[in-house]
Amino acid sequence: MKIGHVEIENPIVVAPMAGITNPAFRQICRRFKAGLVYTEMVSDKAICFENKKTLGMTEVLEDEHPLTMQIFGHDIDSMVQAAKFLDTQTSCDIIDVNMGCPVNKIVKSNAGSALMRDEDYAAELMHEIIMNVKKPVTVKMRIGWDSESKNCVSLAKKLEKAGVSAIAVHGRTKTQMYEGKADWSYIKKVKEAVQIPVIGNGDVRSVEDMIAMMDETGCDMVMIGRGVLGDPWLIQRCVHYLNTGEIIQDTGVEEKFDLAYNHAVSLCELKGERVGMKEMRGHAAWYMKSLKYSHRVKEKISMMSTLSEFQDILINYKSSLENDDWKWLER
């Protein structure tokens with residue numbers, strides 16, 4: 001399948017997640033054969049002002065392709081300028097505009113899901129961006145602002161007319177944030193209303209969820225966000241099912257701990273040990289979710305600050321799971 005001229009090997013897409021989908025995590029997703037991975041969103045204004053940290057976030061490694069880089073903002077001039085930078089100064093394959101972020105700090109600046117409230121402006125914004133870049137441009141949006149304004153279908157039609165190459169639809173409204181149940185029926189309505197590829201998003205945490213979303217909505221691709229946190233093997237299981245029709249078993253503890261450690265190493269190389277290990281605390285807790293006494297181990301994780309400390313936690317935890325000896329947690 002294709003988004004614009006970009007070929008996508010399979011329909012499993014990893015969502016943009018702030019503070020998570022950095023190069024260290026994206027490489028893991030590619031290792032498990034994700035068809036397409038999004039970067040964490042970056043600010044148009046920060047690109048325009050050449051913010052050093054933000055420009056660093058636009059770097060793409062050789063083995064990350066195909067990759068979608070997501071920007072957020074509201075003003076047409078700065079969004080066009082930022083898109084032109086991504087088009088000419090980075091090696092991303094696709095440019096995505098965020099129309100789905102529900103966080104107040106973003107919507108207060110009329111960015112993210114706030115853009116959905118003015119369909120004509122959103123379409124004009126996308127038209128201006130598309131006219132100024134060569135790479136395919138996509139949009140990720142929600143089904144609407146709230147339960148009274150689920151306008152994703154009408155907006156999708158206008159975005160398609162503006163030249164958007166694909167649309168990702170998260171089946172929640174802005175006011176739902178990340179709570180409640182995603183309404184996939186609106187993903188189906190968008191798919192039936194446009195000819196461009198539609199990516200379904202929301203509440204996919206298993207191979208069975210992926211199958212159900214594709215069957216219920218007819219979407220071209222399935223985007224997974226929180227479902228891959230601590231379980232990037234979900235990508236592998238989904239791809240394996242699509243290729244063979246077989247559902248493979250969940251991951252063993254040893255493989256899970258090995259990947260968690262390698263993830264920490266990559267984060268330290270990317271951001272330095274102090275920042276990398278601070279970020280790793282959340283990832284480590286996700287990797288250990290559902291394991292015996294994980295809530296107690298999380299207390300240890302929340303205080304770790306070095307790679308060697310994390311290694312010790314993993315060694316002790318693995319030993320405890322094998323021998324049912326938990327004395328180290330008392331120290």
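This write-up is about the structure you can find in this document. (Residues numbered from 1 in each chain as written. Predicted model: local features only at pLDDT ≥ 70, side-chain atom pairs only at ≥ 80, totals over all residues. Heavy atoms only, no water.)

## Digging into the nonpolar core
In a soluble, globular protein the nonpolar side chains are often hidden away together inside. Residues Ile71, Met99, Met126, Met141, Met288 and Phe310 are the most contacted members of the largest nonpolar core, which totals 93 residues. Those residues in contact with methionine 126, other than ones at most four positions away along the chain, are Val97, Met99, Val137, Thr138, Val139, Leu159, Ala162 and Val164. In terms of nonpolar packing, the next biggest core, distinct from the first, is built from 13 residues, Val6, Val13, Leu36 and Ile199 among them. (Core = buried A, V, L, I, M, F, W, Y, C linked by side-chain atoms within 4.5 Å. Buried < 20%, exposed > 50% of the residue type's maximum accessible area, 1.4 Å probe, protein only. Contact = heavy atoms within 4.5 Å.)

## As for the packing of aromatic side chains
The tally for this structure, following the rule as stated, stands at 5 aromatic pairs. Centre to centre, the rings of phenylalanine 32 and tryptophan 233 are 5.5 Å apart; their planes meet at 55°, and the pair counts as tilted. Of the two residues, phenylalanine 32 sits in the loop between α1 (23–31) and β4 (36–38) while tryptophan 233 sits in helix α10 (residues 233–244), which places them 201 residues apart along the sequence. Judged on exposure class, the residue phenylalanine 32 and its partner tryptophan 233 are both buried. Ring-pair connections join several aromatic residues into one group, and the members of that group are Phe257, Tyr293, Tyr317 and Trp326. If you follow lysine 189 out to its NZ or CZ, it ends over the ring of tyrosine 186, 4.1 Å from the centre. (Phe/Tyr/Trp six-rings, centres within 6.5 Å; stacked < 30°, edge-to-face > 60°. Helix = DSSP H or I, 4+ residues; strand = E, 2+ residues; numbered from the N terminus. Lys NZ or Arg CZ within 6 Å of the ring centre and 35° of its normal.)

## Concerning helix α14 (residues 307–323)
Here α14 spans 24 Å end to end across 17 residues, near enough to the 24 Å set by a 1.5 Å rise per residue. Every buried residue of α14 is accounted for by Leu307, Phe310, Ile313, Leu314, Tyr317 and Ser320. One side of α14 holds all its buried residues, which, seen down the axis, span an arc of 150°. Seen from the open side of α14, the exposed residues pointing more than 90 degrees away from its buried face are Ile315, Glu322 and Asn323. For α14, the elements touching its buried residues are α11 (253–271), α12 (273–288) and α13 (294–301). Looking one or two residues past α14, aspartate 324 carries a phi angle of roughly 55°, positive in sign. (Expected span 1.5 Å × (residues − 1). Arc of directions from axis to C-beta.)

## Describing unusual backbone geometry
Cis peptide bonds are those with omega within 30 degrees of zero, and the linkage from histidine 65 to proline 66 qualifies with 0°. Structurally, proline 66 is set in the loop between α3 (52–57) and β6 (67–72). Positive phi, close to 55°, is recorded for methionine 177, a residue that is not glycine. Summarising the element assignment, methionine 177 is placed in the loop between β9 (166–173) and α8 (185–193). Of note in the backbone geometry, aspartate 324 takes a positive phi value of approximately 55° without being a glycine. Looking at the secondary structure, you find aspartate 324 in the segment after α14. Here aspartate 324 falls in the partly exposed class, since its relative accessible area comes to 48%.

## Here we look at the pattern of salt bridges
Scanning the model with the defined rule gives 13 salt bridges in all. The salt bridge partner of lysine 271 is glutamate 279, with a shortest N-O separation of 2.7 Å. Of the residues examined, glutamate 279 reaches a relative accessible area of 24% and is grouped as partly exposed. The structure contains a network of salt bridges with shared partners spanning Glu119, Asp120 and Lys158. (Salt bridge = Lys/Arg side-chain N within 4 Å of Asp/Glu carboxyl O.)

## Brief notes about the pairing of strand β10 (residues 198–201)
Side chains Val198 and Gly200 of β10 all project onto a buried face; the interleaved residues Ile199 and Asn201 project onto the opposite face, where all are buried too. Judged from the 4 bridges that link them, β9 and β10 form a sheet pairing that is parallel. Each residue of the ladder has a partner; that of histidine 170, found in β10, is asparagine 201. One ladder, built from 3 bridges, connects β10 with strand β11 (residues 221–224); its direction is parallel. Bridging across to β11, glycine 200 finds its partner in valine 222. Read from β10 through helix α9 (residues 207–217) to β11, the crossover connection turns out right-handed. (Pairing = 2+ DSSP bridges. Right-handed = clockwise from strand over helix to strand, strands pointing away.)

## Re the pairing of β6
Among the 6 residues in β6, 6 count as buried, and that is most of the element. Bridge count for β4 against β6 is 2 bridges, and the pairing is parallel. Looking at β6, one finds that valine 37 is bridged to leucine 67. Bridge count between β6 and strand β7 (residues 94–99): 4 bridges; the pairing is parallel. Looking at β7, one finds that isoleucine 71 is bridged to valine 97. In this fold, the crossover linking β6 to β7 by way of helix α4 (residues 76–89) has right-handed handedness.

## Notes on α12
Along an α-helix, a turn takes 3.6 residues, which lines up residues three or four apart on a common side. Between the first and last C-alpha of α12 there are 21 Å, a value that for 16 residues agrees with the 22 Å anticipated at 1.5 Å per step. Those residues of α12 hidden inside the fold are in contact with α1, α10, α11, α13 and α14. Serine 290 sits one or two residues past α12 and shows a positive phi near 80°.

## Description of the environment of valine 204
Note that valine 204 resides in the loop between β10 and α9. Put simply, valine 204 and alanine 182 are 22 residues apart on the chain and 9.6 Å apart in space, counted from C-alpha to C-alpha. Ignoring anything within four residues of it in the chain, the contact list for valine 204 reads Trp184, Asp209, Met210, Met213, Val222, Ile224, Gly227 and Leu234.

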